[in-house]
Each structure stands twice: as structure tokens, then as C-alpha cells.
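Structure assessment
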Amino acid sequence: MSETIKCLIIDDEPLAIMLIEKHISQIPQLEIVASCQNPLAAFEILKKEPVDLLFLDIQMPVLTGLEFAKSLQNPPSIIFTTAYREYALESYELNVVDYLLKPITFTRFFKAINKYLNNRPTESAPVVQVAAAPTSATEPAFIYVNANKKHIKVLFQDILYVESIKDYVRIHTKDQRITTKDKISEFGQKLPNHFLRIHRSFIVNQRQITAFTAHDVEIGESEIPIGVSYKKGVFEVLKKG
């Protein structure tokens, strides 16, 4: 039998807590120790109960999620759950497992759990079993996007990069450009882990990168700029290969 992973949820929004609880309920290995609407209540629970994984909101009254995480001497593994992308780089300095942007889909949640399991300091990570889940542990090979009044199948391996154009995204592939109505942050959650956000307006396929500099990423003949606020995180990922 797989080892139970004890989870603690901290979020000041009851609906956000309910969504995380729903996602957790679909993965038998995860067990909810408690759900709290403020970090102070969570601190008392951490003193009494063993917790393996913390789902932590960032913007909360009295004490933010970042401040709370920094205050813990021996914190459990942390997955941030927030509506604000601007704290991403600061959060990764805390060596967190993942950074999930609300609204959090189960597909994106499941990826974060797999990331936790793959990096967990144990001899053998438990295998995730999903009950009635809309996805599997294997990486999907394609996505359907709505364009020109039809759903177009796009292979992830063919995508070079994704560009944000106001309320639309333009998918650049080897052979075509497809424009669909979607926000880049939400579209990014539908992509596999090897896609990297490097700018507020661009997501690139790391497997298609041919070169990069301090200012841009090159994919074939295309030069895609790296946003100033993304640089540190992007370079850390790219240098690791």
C-alpha cells in the first residue's frame, strides 16, 4: 500500500479551499489533515500534526503566504495556490514544489502532485492512482483548440511557442499559426511541463529552443524576448537543461 501524504490547506477564500479539497479527494494517497482560513490557525496545527504537503495561498490578511513560509523552521513541502503570478520568482527562492495560478484545473493540480512525488526524498515514490480523473500520469500528446468555428488538433511536439494577443493566444507551430480565444495564463496550464513562460506575452517549448542569450530565446529564426521579471527563473530552468 502506498504511503499516505498528509496535506494542509491554507486559504482565506472558502471556495478556493473547496476546490483544493475536491482535487485532493480524487487522489487516494492524499489525506487532508485540516483546512484553515489563516496562517495563524495553520501554525497551531503544524505544531500538533505531521504534515507532508502544504497548499498555501499568498495574499491573505494579517500574514501573507510568503511571510508564513519564511517563518517556518522546518516547513513541509509547499505548493503555492494564488491568483497573482508576480510572486512566482520570490516563491521559488523558497524551494517550493510548484506555483499554481487560480482557477486551478485538476490537470494542473495533478502535474504539481506528480512533481512532488518525483522529487520527494524517499527511496521510492508512491504511484498516484486517480479516481474518475480526466487525465492520466502519462504526458498528453496533443490539445484541441477552437479556431475558425472548429476544433483543431495541435500536437504539443509541433508547437514552437505561444504568443499572447490581448484576449487571444496565437500558437506558432512548424507549419502554421493558430489563433484562439484564451488568456495566456490559462492556456499555459493546459500545456505539458516542458513549456516555459519567459515573458508576460510568450510561452516557449523548451524542446524547440536552439539558443538563448541574456535577453531572448531563439527558436529557429525566431527571437522571443525574455521578460525582466522572468529572467532569474528562466535562466535557472534553461541552465539545468
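Here is a short report on the structure shown in this document.

What follows deals with the environment of P225. Along the chain, the position of P225 falls in strand 15 (residues 222-225). Here the alpha-carbon distance between P225 and F202, two residues 23 residues apart in the chain, equals 8.0 Å.

Sheet architecture is open: five strands sit in the order 10-9-8-12-11, paired in antiparallel fashion. Looking at which strands have only one partner, the edges of the open sheet turn out to be strand 10 (177-181) and strand 11 (195-199). When strand polarity is set aside, the average angle formed by the axes of neighbouring strands in this sheet is 20°. In terms of strand pairing, strand 9 (residues 168-173) meets strand 10 through five bridges, oriented antiparallel. Bridging from a neighbouring strand, H172 pairs with R177 of strand 10.

Turning next to the pairing of strand 14 (residues 216-219). Strand direction decides the pairing type here: strand 13 (residues 211-212) and strand 14, joined by two bridges, are antiparallel. Residue pairing in the sheet places A211 in a bridge with E218 of strand 14. Counted along the chain from strand 13 to the antiparallel partner strand 14, the turn is three residues long. Between strand 14 and strand 15, which pair antiparallel and follow one another directly, the connecting turn spans two residues, one of which, G220, has a positive phi of 65°.

Procedures and definitions
Residues numbered from 1 in each chain as written. Predicted model: local features only at pLDDT ≥ 70, side-chain atom pairs only at ≥ 80, totals over all residues. Heavy atoms only, no water. Helix = DSSP H or I, 4+ residues; strand = E, 2+ residues; numbered from the N terminus. Pairing = 2+ DSSP bridges. Axes fitted to C-alpha atoms, helices over the stretch in contact; angles between N-to-C directions.

In short, the description is geometric, and any link to function would need to be established separately.
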